[in-house]
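Residue strings, one per chain:
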Amino acid sequence: MELSLSFGPFSLLFMILVFSIGNTSIIHASSDSYLTLDYYASTCPTVFEIIRKQTECAVLSDPRSAALIVRLHFHDCFVQGCDGSVLLDDTVTLKGEKTASPNIHSLKGFDLIDGIKNMVESECPGVVSCADILTIAARDAVILVGGPYWDVPVGRKDSITANYALADTNIPTANEGLIPIISKFMYQGLSVKDMVALAGAHTIGMARCENFRDRIYGDFRATSGLNPISASYLSSLRSICPPIHGGENNITAMDNVTPNIFDNSFYHTLLKGEGLLSSDQEMYSSMFSIQTRELVKLYATDPLAFFNQFSESMVKMGNITNSESFANGEVRKNCRFINT
Ligand code: HEM
């Protein structure tokens, strides 16, 4: 586990937080995983092409699809590793992760993965795991909206279990503080650098009022200052999201400048103090943001540094391994159900 954080007196607090999250011995992000680039070279040589074409159709018909797929991959990997557990539907014998609090009414795009899986199955039945499909599609989605390319190691197995409780505890939420969020990434073997770069995925996609209400009626004005442009942005956000009840599912872009383009403008919104989610703005404005603030500044000024780190961190996140799924996992026929 890479512990590249230097908060001096806070280090003990970190360790307590890191080890109080979740409870499983099977998770770590590593570069020495069993995944390889050519895993499907002989069994399904066209898999990358099929997934790219399908993802392209989805993103062309709705650019938000890119965001949905990338987020699905993130929520998959943070719960018992990248093993397709997030894709499982509830059944009489299995409680899935879709209704856990960070996911319910929020995680979308399952139908897009079903569509890709159907195409892959018709070409190479029973060969390519849903976890791999999701990982490859996330990379393709990023490219399609202007982001960087990276090679995707493959060979993941699909889990025969899901974990609702871990979905509740492991996935960071918008109103959590910076330190608990950092500890959730560290628990997965991801560093502060990984976290700040991966949060850059918020350069695409939308958030619901429920997740930014406290922020826009809280410290938004304080972080963004009193300039008229920020004030008018704030009032438009407030018109979308009323202070008390109603409008919970109203949405707005997290990067209001280039919402459908994968660029570094998300970090510029943080420099302006206009981050939509409290968790994002904290990376720049929190009293604990000594290290994260420098990274936000770096990625705002150097788009290439952001792209390089994002690619590297996506591979690292995609490599969060699950020895349980590797040993007992399968290639699901249908991503929503374990094989009978
Ligand atoms: C750093 C901690 C993170 C927190 C606290 C967080 C939280 C959130 C929240 C609250 C939303 C809005 C959901 C809604 O309102 O329904 C969201 C959306 C999103 N998140 Fe994150 N996230 C984090 C990291 C990440 C990472 C690492 C990725 C991927 C690499 C990611 C990708 C996305 C995307 C693409 C969306 C937009 C989805 C859409 O349009 O529906 N997030 N995130």
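The name recorded for the protein in an unreviewed UniProt entry is Peroxidase, from Cannabis sativa. Listed in UniProt under the heading Catalytic activity (unreviewed entry), the comment for the protein reads: "2 a phenolic donor + H2O2 = 2 a phenolic radical donor + 2 H2O".

A. Layout of the site of the ligand. Taken together, 25 residues sit near the ligand, with Ser-106, Leu-198, Ala-201, Gly-205 and Arg-208 positioned nearest. Listing elements by their share of the shell around the ligand, those giving two or more residues are helix H3 (64-77), helix H8 (192-198) and strand S2 (206-208). Classifying every residue of the shell around the ligand by side-chain character gives 15 nonpolar, six polar and four charged. Each of two domains, domain 1 (46-171 + 319-328) and domain 2 (189-317), supplies a minimum of three residues to the shell around the ligand.

B. Quick peek at the UniProt feature "binding site: substrate" (unreviewed entry) in the protein. The feature "binding site: substrate" (unreviewed entry), as annotated in UniProt, sits at Pro-172 in this numbering. Looking at the element boundaries, Pro-172 is found in the loop between helix H6 (164-170) and helix H7 (178-187). Residue Pro-172 is classed as partly exposed on the basis of its 19 C-beta neighbours within 10 Å. Excluding anything up to four places from it in sequence, Pro-172 contacts Ile-181, Lys-184 and Ser-279.

C. Quick look at the domain arrangement of the protein. Each assigned domain of the protein is listed here: domain 1 (46-171 + 319-328) and domain 2 (189-317). Each side of the interface is counted separately: domain 1 has 20 residues, and domain 2 has 18 residues. Counting only elements with at least two residues in the side of domain 1 that touches domain 2, the list comes to H3 and helix H5 (130-144).

D. Broad picture of the packing of helix H4 (residues 110-123) against H5. The geometry of H4 relative to H5 is characterised by a closest axis approach of 10 Å and an angle of 115° between their N-to-C directions. In this view, H4 runs roughly perpendicular relative to H5, as classed from their interaxial angle. The chirality of how H4 crosses H5 is right-handed. On H5, the residues that touch Ile-113, Ile-116, Lys-117 and Val-120 of H4 are Cys-130, Ile-133, Leu-134 and Ala-137. For the contact of H4 with H5, the per-class residue count stands at seven nonpolar, no polar and one charged.

Conventions and cut-offs
Residues numbered from 1 in each chain as written. Predicted model: local features only at pLDDT ≥ 70, side-chain atom pairs only at ≥ 80, totals over all residues. UniProt positions renumbered as here; feature names shortened; annotations may be inferred. Near = placed C-beta within 6 Å. Helix = DSSP H or I, 4+ residues; strand = E, 2+ residues; numbered from the N terminus. Nonpolar A, V, L, I, M, F, W, Y, C, P; charged D, E, K, R; others polar. Domains from an automatic or database assignment. Buried ≥ 20, exposed ≤ 12 C-beta atoms within 10 Å, placed from the backbone. Contact = placed C-beta atoms within 7 Å. Axes fitted to C-alpha atoms, helices over the stretch in contact; angles between N-to-C directions. Parallel < 35°, antiparallel > 145°, perpendicular 65-115°, else oblique. Left-handed = near helix turned anticlockwise from the far one by under 90°.

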